[in-house]
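Spelled out from the first residue to the last, the chains are:
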Amino acid sequence: MPAYGFFVEFEARPGKEEDVAQFLVDAKELVDAEPGTLAWFAFRLGPTSFRIFDAFETEEDRETHLQGKVRQQIEARGDELFSAPPTITPVDLLATKLPG
């Protein structure tokens, strides 16, 4: 059972909303290459508000993801895409249901 996660909050710069949406769609390919990332969801809450939720079995897997390629892309393109740095909140999962 995954015990660890992240909840990440993004706000798009004006006029960059669709670029942020595509950035998140493209990020899935990077996450697919991370065996320790058990679940990963990118979603939109409103016109400029985006979120990611992901889950990991171990703290080590969560830390590997935090330092991984998606984070590198967020840092590389952050000034272009986001109105403020993303808020990354580590969470402890209490209950989960995943396929398998």
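Our structure is the block above this text.
What you are looking at is a predicted structure, and each value in this text was computed from that prediction instead of being measured.

1. Comments concerning the packing of aromatic side chains
The relative placement of two aromatic rings is captured by the distance of their centres and the angle of their planes.
Now for step 1: Counted under the stated rule, the structure contains three aromatic pairs.
Now for step 2: Ring geometry for F10 and F82: centres 5.0 Å apart, planes at 35°, overall tilted. Placement of F10 in strand β1 (residues 4-11) and of F82 in the loop between α3 (69-81) and β4 (87-92) is noted, with a sequence separation of 72 residues between them. Here F10 and F82 have matching classes, each one buried.

2. Describing the pairing of strand β2 (residues 37-44)
Now for step 1: In the sheet, β2 pairs with strand β3 (residues 49-56) via seven bridges, with the strands oriented antiparallel. Within β3, the residue paired with A42 across the bridge is I52.
Now for step 2: The hairpin turn running from β2 into β3, its antiparallel successor, is four residues long.

3. Some points on the side chain of T37
Now for step 1: Mapped onto the secondary structure, T37 falls in strand β2.
Now for step 2: Reaching out from T37, the side chain makes a polar contact with the side chain of E34 at a distance of 2.6 Å.
Now for step 3: Residues contacting T37, with those up to four places away along its chain left out, are V31, D54, A55, F56 and H65.

4. Remarks on the nonpolar core
Now for step 1: Within the largest apolar cluster, 18 residues are counted, with the highest numbers of intra-cluster contacts made by F10, V20, L24 and F82.
Now for step 2: For this core, the secondary structure elements donating two or more residues are β1, α1 (17-32), β3 and α3.
Now for step 3: Per element, the largest residue contribution to this core is five residues, and it comes from α1.
Now for step 4: Aside from chain neighbours lying at most four places away, what touches V20 is A12, F50, L81 and F82.

Basis of the calculations
- Residues numbered from 1 in each chain as written.
- Predicted model: local features only at pLDDT ≥ 70, side-chain atom pairs only at ≥ 80, totals over all residues.
- Heavy atoms only, no water.
- Phe/Tyr/Trp six-rings, centres within 6.5 Å; stacked < 30°, edge-to-face > 60°.
- Helix = DSSP H or I, 4+ residues; strand = E, 2+ residues; numbered from the N terminus.
- Buried < 20%, exposed > 50% of the residue type's maximum accessible area, 1.4 Å probe, protein only.
- Pairing = 2+ DSSP bridges.
- Polar contact = N/O pair within 3.5 Å; in protein donor to acceptor, adjacent residues only side chain to side chain.
- Contact = heavy atoms within 4.5 Å.
- Core = buried A, V, L, I, M, F, W, Y, C linked by side-chain atoms within 4.5 Å.

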